[in-house]
Amino acid sequence: MELLWILLFSIIHHYVRGQGVYAPANAQIVHSGAACNVKEDNISERIYTIKEGDTMVLQCIVKGHPRPQVRWTKTAGSASEKFQETSIYNETLRIKAIQRVQGGRYYCKADNGVGVAAIKSIRVDVQYLDKPVLTVHQTISDVRGSYQEKTVFLRCTVNSNPPARFNWKRGNTPIEQSKDNGVDIYEPLYTQGETKVLKLKNLRSRDFADYTCQVSVRNLCDIQDKSVTFRLTNATAPPALRLSVNETLVVDPGQDVLMICEVTAGFPAPTVTWSRYPGPMPLSAQVRGTSLLLRSVTATDAGFYNCTAVNNVGNPARRYVSLIVRTMSNLTFQITPDSNKDSESIQMGRDLKLSCHVDASPQDKVNYTWFKNGAPVYNSDSLILLRSDPDMEPGTSSMEIVALKFRDLATYSCMANFPGSRVAELRVDVNITQNSVTPPILTVPAEGQVISVREGGNAELVCLVDGKPRPILLWSRADKDLLMPSGKPVEETRDAPLRLTNVTRDMMGSYRCQTAPYNGLNIKRREALIQLNVQYPPILDPVFQAVRSRNYQMVALRCVVLRSYPPRLTNVRWFRNGEAVRMAPPDLTETMELRFKLDPTSNGSYEGRISNVAGTSKCTFDVSARPYSAEFYYDTPSPIRTMKGNYSYTLQWTQKEPAATDPVIGYWVNVRESKQTVLSKQIHLKGVEPVKGVLLSYVITDLRIPVSYEVRLAPITTYSTGDYITRIIQYSEPYTYPRPSDRMCGFEDERICGFYQDTSDTFDWTRQNALTQNPKRSPNTGPETDRSGTKEGYYMYIEASRPRAAGDKARLVSPLFNVSSERGPKGSGRVPYCVSFFYHMKGRHIGNLNVLLRVKGFASVDNLVWTKSGDQGPTWNKALFNISPSGPFQIMFEGIRGFSFEGDIAIDDVSITRVKCKPEDMATSAVAIGGSASLHPLPLASWLTFALCCVLLLLYR
């Protein structure tokens, strides 16, 4: 009889669901996070409202086979349809501590490659209310000569969603515009409801008082009202500041810097803060009140330091200090022959210019001093000093020698320093003689014009340079869009070649070497190009491929060369199980292919090895007549609980590419528990071959609740057995969300049917069974088994032992049942629900077990609908009662600890069913608090299923 019910369930399931490959059905988005409200707006769009900081959980429920891949995307708002670049591939989208910027429309797209993808969207509205900011502005105008009128504007601004309501109070008295001619309340233009202004016209003595701006979003999402208060007096004034240092402050490195921002005006007393741009304040910074102390400053401490004073009256007062730390580095020189003659060498009787530049901060404060053979140089007819050369980089000093004479041949020195600074001076010497300065010559060795190196090796690029002074070499890529391997656009080398290590194919290309214009002659640059070729083995496709075929059919293995350098191939060979395959020499210019007839002796691993001078790569093929593995059907019906306390499982699968190999005649199925085989059986197909995409099924019976099992399945042909696939099956409570079935939740699954611990209680409910009980638990209390009588079955309980105290509460909350759009039977305004559960309350110190109905709305309301207290004996008792909620609701189990430790309470087999409880069951149950509604008629699908069951039972009899 039991097998008949299993068969009946399977038939009904396939009748309703259909079989085989089918496109994703219309997706459905449900939520299991902390939602404030879920509603439909005027264009039938679902809106999910959540409070900022709560956790959002969206689930995409979709059917289809093969199992669809679910992709979540989001738009910035309801007006934009452009997806963001980032996507989440998962059936569940979870965002912890959601922020306001994460609101918008979320899309769930399910696709399995069959038919049209299913898409569903939901708009997430994140609600929040910040603390308001109250600022005060005053104006004074002359009226009738010496008489002046003073007007005060109290401006209250807040960020919120939805728009906040504003209420003004003077002291504890609400301000109403219509009852006081001296006030005016209005919203400024373009503030979008975020600002309200209270205008006090022609200030009166009674207007000096405490003013409170209170903002409210009407307790939506349990967001409490917020307020800010300001005391207006005749001394109220905006802040003013004075700095103890100049706005530009130049200091030496290692020096301590003290900046004081003195408050000179303002009431109430302003608050002073310091900040820095760019970047955060230095770690050495010490802020004490209005002063900022920087100890032992370095170049990294330079920047803009901002002092701001705020008292919410008028505009904030701000002062800025630009801190510059003196630094000098990299002193260079240039020798420029007579530029008017386009000369590249120094010649007697022609002009010559020596230039000197140092990288410094501040650049304009550098002092340059020139020396000739150690003696200072002064301006004269033949020597002209330029402090800032307009033809050179800013901050460059030059000395021009007019009509070079023999007396001008000497050693010239340039010294850079900061006057009066502790920063060390820098000096460079330039020797000007007839033999000391010659133009550079740049060459590349013939064997170095093209460098070839294997990937992963090292390379040296050599440019030979000669000349006096010998110039620095600058290296760059010939392609301006490419950077050097170091990540820089240009690299310097002095007396060594450019060395590249661990060369990759991305480094291949032309490299340019150039003479630098500094530390040498400032003339036309010499340059040369060097080609770097990186050799790498062929890149092949496929790297690995499983090839299945019927026996005695021709098989073609193709190995395609995608890229290689050098492109010329040197060798191609095929191997089977490591041994070379005899074949005619291949044409190296065509696609590499191996063709042969498959038979039981030619199965194996084939490799196509293709070589060039850089190395060898291979394509690997696993060739056999073994069938492809099966694919488990992911959306298997829930396990069926039988009368004996066991369960059965309908295993469903499809065969991948059944026509590719010899016919599949059956399957091996193995069931294991804790690595011990409990079932090993061959399933015979009796001549019916699998069809691609068509579901196959097998019912596994006598599985123990709640034990999980490993199931292995492999296809069989006449010649071989395919690979095994594995899945874990487990008894999971068929308590679905958001629309529960009429089955019970026995808490056998760790997900506990979507119940969760309330955050407002004192402690938590615990999931356990007799095997996981604490051996030191309180004696004479708590159940020995679950409600069905098995020690392996789980239940939820509260532990009354230490550190629990009398009156401590634990609350367990059900998933949300969204019934806002549903109505009850004709003549009834509400849908009835039957709540059923078993409870265990054994112990001398039992406290209370309460069941509360939490109805969601603008403010959630918890109503007590069932209660029991005191010792109820050593057995499990059943509770049953009706509820008729007025909107979305949750059921909350509240356990309250008694006055001592022998007071454990447990619950099991909870059922929340959309139907009225049966009167005969109500008679044997505990009394509930509240009333019930009329019976709800069964839907048409239920009547059809019932009729089919009756017909099958009659046929069986």
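Residues numbered from 1 in each chain as written. Predicted model: local features only at pLDDT ≥ 70, side-chain atom pairs only at ≥ 80, totals over all residues. Heavy atoms only, no water.

Moving on to the packing of aromatic side chains. One pass over the full model with this rule turns up twelve aromatic pairs. Relative to F893, the ring of F755 has its centre 6.4 Å away and its plane inclined at 40°; by these criteria the two rings are tilted. Of this pair, F755 sits in the loop between β59 (725–729) and β60 (756–757) while F893 sits in strand β68 (residues 889–896), and the two are 138 residues apart along the sequence. Residue placement shows R505 over the ring face of Y536; its charged tip is 4.1 Å from the ring centre. A cation over an aromatic ring shows up here: R787 above the ring of F838, its NZ or CZ 4.3 Å from the ring centre. (Phe/Tyr/Trp six-rings, centres within 6.5 Å; stacked < 30°, edge-to-face > 60°. Helix = DSSP H or I, 4+ residues; strand = E, 2+ residues; numbered from the N terminus. Lys NZ or Arg CZ within 6 Å of the ring centre and 35° of its normal.)

Adjacent strands of a sheet form backbone hydrogen bonds with each other and so pair up, either parallel or antiparallel. Read from one edge to the other, the open sheet built from five strands follows the order β61-β62-β69-β64-β67, with strand pairing classed as antiparallel. Each edge of the sheet is formed by a strand with only one pairing partner; in this case those strands are β61 (766–768) and β67 (877–883). Each neighbouring strand pair of the sheet contributes to a mean axis angle of 35°, computed without reference to strand direction. Examined bridge by bridge, strand β64 (residues 833–840) and strand β69 (residues 905–913) share six bridges and lie antiparallel to one another. In the sheet register, F838 faces β69, and the bridge partner there is D908. (Pairing = 2+ DSSP bridges. Axes fitted to C-alpha atoms, helices over the stretch in contact; angles between N-to-C directions.)

What follows deals with the pattern of salt bridges. Per the counting criterion, the structure on display carries 38 salt bridges. A salt bridge links E460 to R499; the nearest nitrogen and oxygen atoms lie 3.0 Å apart. On the criterion of sequence distance, the pair formed by E460 in strand β37 (residues 459–461) and R499 in strand β41 (residues 498–500) is long-range, its members being 39 residues apart. Assessed through its relative accessible area of 40%, E460 is described here as partly exposed. (Salt bridge = Lys/Arg side-chain N within 4 Å of Asp/Glu carboxyl O. Buried < 20%, exposed > 50% of the residue type's maximum accessible area, 1.4 Å probe, protein only.)

We now examine unusual backbone geometry. Following N161, the chain continues into P162 via a peptide bond in cis, with omega recorded as 5°. Structurally, P162 is set in the loop between β12 (160–161) and β13 (165–170). P268 follows F267 through a cis peptide bond whose omega is 0°. Relative to the helices and strands, P268 resides in the loop between β21 (257–267) and β22 (271–277). Positive phi, normally seen in glycine, also occurs at D702, with a value near 55°. Along the chain, D702 falls in strand β57 (residues 696–704).

Reading across the sheet, the five strands line up as β31-β32-β28-β27-β43 and stay open at both edges, with mixed pairing between neighbours. Of all strands in the sheet, those bounded by a partner on one side alone are β31 (383–386) and β43 (520–521). One ladder, built from two bridges, connects strand β27 (residues 327–337) with β43; its direction is parallel. In the sheet register, I335 faces β43, and the bridge partner there is L521.

Time to look at the state of the cysteines. Per the counting criterion, the structure on display carries eight disulfides. Here C463 pairs with C513 through a disulfide, and the sulfurs are 1.9 Å apart. With the S-S bond torsion at -70°, the cross-link from C463 to C513 turns out left-handed. Of this pair, C463 sits in the loop between β37 and β38 (464–468) while C513 is found in strand β42 (residues 509–515), placing the two residues 50 residues apart along the sequence. (Disulfide = S-S within 2.5 Å.)

Scored by pLDDT, the chain has a mean of 85; 87% of the residues are at 70 or more. Per-residue pLDDT stays below 50 along residues 1–19; that stretch engages in 34 contacts with residues further than four places along the chain or on separate chains. Overall, residues 949–957 carries pLDDT values under 50, and its contacts beyond four positions in sequence, including any with other chains, amount to eight contacts. (pLDDT = per-residue confidence, 0-100. Contact = heavy atoms within 4.5 Å.)

Turning our eyes to something else, we now look at the nonpolar core. Within the largest apolar cluster, 35 residues are counted, with the highest numbers of intra-cluster contacts made by F837, F893 and I907. When contributions to this core are tallied by element, the ones reaching two or more residues are β62 (795–798), β63 (809–813), β64, β65 (848–855), β66 (861–869), β67, β68 and β69. Core analysis: the next-biggest nonpolar cluster, separate from the first, contains 30 residues, L404, V430, I432 and I523 among them. (Core = buried A, V, L, I, M, F, W, Y, C linked by side-chain atoms within 4.5 Å.)

Attention shifts here to the pairing of strand β33 (residues 410–417). Both faces of the sheet carry side chains from a regular strand, because those side chains alternate between them. Along β33, seven of the eight residues are buried, which leaves the element largely enclosed by surrounding structure. Pairing analysis gives six bridges linking strand β29 (residues 367–372) to β33, with the strands arranged antiparallel. Paired with K372 across the bridge in β33 is Y412. Here seven bridges tie β33 to strand β34 (residues 426–432), and the two strands are oriented antiparallel to one another. Bridge assignment links Y412 to a residue of β34, and that residue is V430.

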